[in-house]
Each structure stands twice: as C-alpha cells, then as structure tokens.
Amino acid sequence: MKVHEYQAKDILAKYGVAVQRGVVATTADEAVRAAESLNKETGTDLFVVKAQIHAGGRGKGGGVKLAKSFDDVREKADAILGMMLKTPQTGPEGQKVRSVLIADAVDIAKEFYLGITLDRGRNQTVIMASTEGGVEIETVAEESPELILKEWVDPVIGLQGFQARRLAFGLGFEGDAFKKAVRFILALHRAYEESDCSIAEINPLTLTEQGDVLAIDAKINLDDNALYRHKDLAQLRDVNEEDPLEVEAAEHHLNYVKLDGNVGCMVNGAGLAMATMDIIKLAGGEPANFLDVGGGANPATVEAGFRIILKDPEVKAILVNIFGGIVRCDRVAKGVVEAAGKVDMKLPLIVRLQGTNAEEGKAILDESGLEVQTAILFQEAADKVQSALEG
Amino acid sequence: MAILVDKNTRLVVQGFTGKEGSFHSEQMMEYGTPLVGGVTPGKGGQSHLKRPVFDTVADAVREEGANASVIFVPPPFAADAVLEAAEAGIKTIICITEGIPVRDMIPVYQYVKSKGAALVGPNCPGVLTPGQAKVGIMPAMIFSEGPVGVVSRSGTLTYEAVDQLTRQGLGQSTAVGIGGDPIIGSRFIDVLKLYQADDETEAVVMIGEIGGTAEEEAAEYIRDHMSKPVFVFIAGQTAPPGRRMGHAGAIISGGKGTAEDKFAALEEAGAVIVKNPAAIGETVKSHLSVA
C-alpha cells in the first residue's frame, strides 16, 4: 500500500526521524493558515507547496513550487490543487491533486539518497545510501553502481551501530552532522521494521546550511500482508489515488489491474492470468486487463468480474480461462451463464474450462443458449479469440 | 526416487482440524499420501479424519516419526508454524498459507536454512509426486507418472503445464510449486539441483514469472551444472512495469525482472524457450522424441 508524502513523514517523525516541517492543506485558505503556523513555529518566510499524489516525479510535472509570501502560497496552492498532475509515473491523463503539503523551505548544503527495502536475492533487508541525492536510485544503479553504498541487516542481530556509522562515513558526514546522520539511519530502519514497510526511501536526504540532517521528501510503501497488525496505518489508504475499477474489484476479492488493450480476461490464479494475457497477444489482440478471480469463481464473483471488464469501453472480446483444481468447472459454467444473463453480455465471449468437471461445464455453456464460444484446450481458446477479433 | 516427497514420506498437517486443513487432508489421504497425523494446539489426543491430533509438531515426530509437514495455518501464525516444524527436526516443510508478512519470513528463511531443512513456499500449491504422495492442494487427476520434473512459481499455471504434459503422454517425476512471494524457502535453483540429482527425472519444465532475479540465477545454474534438458515459459510477457500482477513478487521494478530479460538469460544458458503457454507440452514432446 502506498501513502502520501505527508503521511510518510508523520510515520517517520514518530520514530524520531528528522523530517522537514510541514502542514497538509486541501484548500488555498488552509494552505495560507498552514504557512502562517509554520511561520510562527520556525520563523520561516519561504515555503514549498508540494502536490500530494502517490506518484513520484512531482517536481518535473510542476507539482512542487517555491512560495515567498502568504499571498504567494495562496496563489501556488490554488494553482496546484485540483490540477491533473502528469509525471513520468502517472498515466498520460495525470493524477488529480487533492491536497498540498506546505513545507518549510530548507537551505540545502548537500543532497543524498537513503533507502531501505528487501533484497530478494539475499532474503535480507538492505539499506542503500548514495551521494547522488535527488536522482532516481535505479538510474544511479545503472550508470554508476559504485556510488551506492549498501549494508545488509542480519536478521539475528539486527542493524548495528557500526553499519550506520559506515554508511554515514561513506556519505562524507563529519562532526555533529555525522552523529545526526547515524541517528537518522537507525531511526529510519526502526520505522521501516516496526511499520512493516516494503520501501522506505528518503530522496533527497539533506544536510542543511545550518548543519541539520533532514528528510525533504519521503516515500513509504507498506506490506499489504502486514496491515492486519497496523490498523492505524491501514486507515491511511487513499482510494482517490487508485483506479476506481481496481478499488471496486478489490471489494469483490478480485485482483484487477487495468491495461490498455482490447481483450478482457478473467482467470483463476495470477500465473495463469499473466499467461492468458500473453496468449491474447500471440492471438493478435492486446490484453485489456489482468484479472485473477482466485479460488472462489462463483456466480457473484464472475458477475462482478464481467461488470468491471465491461466498464472499459476499449474491450472488444472477453476470454474467461479457468483451470479447475479445487474449483469445479460445472459450477463456474453455471456462474458464467447466470452472470452473462445479468450483465447483458453483447461482446464475443470465449470460455475455456479445464480440469475438474471441464466437460460437464462445457456442456452447460453449450446448451445454455448463450452466445458463447467454448474451449477445453488453451490453444483452442486463443484461436477463438483470434477469430473473434478478425470477424 | 522423485524429489521432496514420495511413498516414504510421513506427513504431518499443521492446521489439521481447520476448514482448509481438513478438506485438503482428506484429498491427500484419498490420493494415498502417507499422512500420519496433524497438529492443532489444544486438540492433542483427539482423532480427526481417523488420524491422531497432536499439540505440537515435536509430539508428531516422536509418536509417528513424521518427517515432512504441510502448513495450512492462517497468515498471522504461519511463520511460527514453520519455525516449530524446523525446530522439531522436520526436513521437508511445505507452506501453503498465502499472505505472510515479509518481516516474518526473513528470520524464518534463515532459521530453516540453519536447521538444514527444505522449505517450499509459502503461498504455493505444494508438491506432488504422481502415484506416491500429494502434499498440498494440487488437483491429482491431471498427473501421471513419468520422467518430467515440473517447477513453477504459480499455481494454476503449474496445473496447465502438467495437464499439457499428461495429454502428450509425458508423465511427471514430481511437480513443485515454489510460490509467488518475495521470500520463498526454495527457489528454482534449489529445485533444479534436486531434479539434476534425481535418477527418475529426464527433463525439467520450469515456469517462471516477471519480477525478481530467480530465473536469471537459475539460468547460471542451468548453464554450468544441468545436463538434463530444461524447458522454460515465463509468464507476464505483456505485463507493464511497476504494476504488481497478483503475486507480491510479480512486479517489474526499475526496468528489472522483465520476461524478455529472463527468456534471454535462459536461452543463452541452453534452456529451450517456450513463448506460447499453450505449447509447453508439445514442445517438450517434440524435443524428447527427437532425442
């Protein structure tokens, strides 16, 4: 699960991570009040107005502006709030900005990168640091991997002080700032662990002219599987940032990802769903979605799946691909017949059933009077998709 | 021989008396799997499905000589269940549970390794050796006995591959679903080593997915150590970067983990690449009959 920058900073601050001061606002008036309260607190009269959307690269899209007065804050906040912000990480249509973070502008002496995530190769947490602050870590990894310092966390002993010191020395910190950097790294790691993050990334981490070590930006992703033990963090979810169809799918326990193609698909199992997308492409189409109905392909979930797929106007045909293991194909077939009737299916529908009671399932569909092409073999289904697209 | 489980397995089921555990235990027993008992803390001494229930895995090891475990325990308690099995000396631990937090799995991975046990999963369909033992949730009727080892990150796509093999008259030595999570006990390379060493396995079908680098790692092993032919399909050729495709591990991030990269690495390592998921069975068939 993704959270906003201001939420990430709130989480980190609780663990003693030094973050840039800021207040979130959803209107221009609130933004001005936020700036006024920051001014009282820190004496600053320079503010940064930052669009709060989940996608990164906000600065490049015009979502981060410097403001030099309260009036300027109002003007900048007014311009950013409600805009469709396009960044390299949003879709081409952009993401609507619903809130802004009004932050204390910081005198930056130096910028760094600091990130924590899982190293899947080693099955250990890795802390990565780099002097190339403000640059995407993937770019640094590609162009100058020697500039990335890494420390792995031993699951038995945990992160040790000497490791944090090694990173801070490696980044070139000295004196008082060195101590602050070490504290920062240790606190960030504690926040990562205790909040069950899958990513905690500070880019940039800054050394200010005043000698402070501060997070100017913060990105946190949380492990969905661990949200059951973080009820407070689970509430930070912002469904406005998610595709409405994906939200609707999740409510029906379906795993849906919208894509840009013309053939919708509904499959049981993530691997088979990806393979079905691949075979759609081989059949001359483009997958319109990923949709995993999981182990419970019953009439209600099949109907929900159809409704979600049909909301995408690009879809020209639908392929249902079920490999019945525990799921019985005759039950799925009944579900398809019932659901197709309810949603008034007008598109070419191809249903491939294989596994437990596949022949019975196929017979139910063939005798249903429904306009449906049935298949038992995967290739047969692909061929029928192809002829549906050509016909 | 076969790998991981066979007729000499003495299986204990953790989460035996729960709904999932009960349903699949019945199916496993019906297949003839040597299932010697189950563990449900607090229900020790009872009998369930005509098998003894124990309070602890250690009790099942002592009383029934259990040497393998399958876990159907809910996610908040599953990591503990794996640790308990490893501590009790179980050497083959198969964890079906989906949804275990990564933070729980990191120490589990280390501990199981330190005990010299093999963990398969979590979030996997299990292991099936045709005619001998079905451990987990794979549908038995698509399997047949034979020389092809199957290893896969996915569930239903494993069934698809097995079914295609069986239709071509090619039976399986064992099929292993290693699971789709970021941290799994056995990776492709671990299972490939077992197949390479297994006399009854003549060829291997490997089914990968986008995300991570396990397939690239497997490619190195195939190039340097594998004398048996390996046939590979990678799911997610059409998946866009940055989007998680169901499995927590199936995500192309930072331009890494694409199907294209994985196919290229495996092809270079000498594996036979299958790009059409409907052609897995016939590709294996045509190569094996030529050889």
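Check the entry above for the structure.
Right, let's walk through the structure included here.

The secondary structure content of chain B amounts to nine helices and 14 strands. For chain B, whose C-alpha radius of gyration is 18 Å, the value lies close to the compact-globule estimate of 19 Å for 291 residues. Expressed along its principal axes, the backbone C-alpha trace of chain B runs to roughly 55 × 40 × 30 Å. Across the 291 residues in chain B, those meeting the buried criterion constitute 60%. For chain B, long-range pairs separated by at least 24 residues make up 72% of all intrachain contacts whose partners lie at least 6 apart in sequence. Working note: accessible area of chain B is about 10500 Å², and carbon and sulfur atoms make up 49% of it. The average position of the 24 basic charges and that of the 33 acidic charges among the side chains of chain B differ by 2 Å.

Right, let's talk about the packing of aromatic side chains for a bit. One pass over the full model with this rule turns up four aromatic pairs over all chains. Each ring, one from Phe47(A) and one from Phe70(A), has its centre 5.9 Å from the other, and the planes form 35°; the classification is tilted. Taken together, the residues Phe47(A) in strand 2 (residues 47-51) and Phe70(A) in helix 3 (residues 70-80) connect sequence positions 23 residues apart. By relative accessible area, which is 1% here, Phe47(A) ends up buried. Looking at Arg122(A), its charged tip hangs above the ring of Trp152(A), at a distance of 3.5 Å from the centre. Lys275(B) extends its terminal NZ or CZ atom over the ring of Phe263(B), reaching a point 5.1 Å from the ring centre.

Right, let's talk about empty space enclosed by the protein for a bit. For the structure on display, the rule yields two cavities of 30 Å³ or more. By volume, the largest cavity is sized at about 130 Å³. For the largest cavity, the lining is made up of 14 residues, of which Arg120(A), Pro182(B), Ile184(B), Arg187(B) and Ala214(B) are closest to its centre. Grouping the amino acids of the lining of the largest cavity by side-chain chemistry returns three nonpolar, seven polar and four charged. A volume near 40 Å³ is recorded for the second largest cavity. Contributing to the lining of the second largest cavity are Asn225(A), Ile100(B), Val102(B), Met105(B), Asp181(B), Pro182(B) and Ile183(B). Taken together, the residues that form the lining of the second largest cavity break down as five nonpolar, one polar and one charged.

Rules used in this analysis
Residues numbered from 1 in each chain as written. Chains lettered and ligands numbered in written order. Predicted model: local features only at pLDDT ≥ 70, side-chain atom pairs only at ≥ 80, totals over all residues. Heavy atoms only, no water. Helix = DSSP H or I, 4+ residues; strand = E, 2+ residues; numbered from the N terminus. Rg over C-alpha atoms; globule rule 2.2 N^0.38 Å. Buried < 20%, exposed > 50% of the residue type's maximum accessible area, 1.4 Å probe, protein only. Contact = heavy atoms within 4.5 Å. Areas by Shrake-Rupley, 256 points an atom, 1.4 Å probe, with all protein chains shown as cover. Lys, Arg positive; Asp, Glu negative; His and termini not counted. Charge placed at Lys NZ, Arg CZ, Asp CG, Glu CD. Phe/Tyr/Trp six-rings, centres within 6.5 Å; stacked < 30°, edge-to-face > 60°. Lys NZ or Arg CZ within 6 Å of the ring centre and 35° of its normal. 1 Å grid on protein atoms, 1.4 Å probe; cavity = no way out; pocket = protein on both sides within 12 Å on 5 of 7 lines; lining within 4 Å. Points joined across faces, edges and corners; volume = space filled by probe spheres on them. Nonpolar A, V, L, I, M, F, W, Y, C, P; charged D, E, K, R; others polar.

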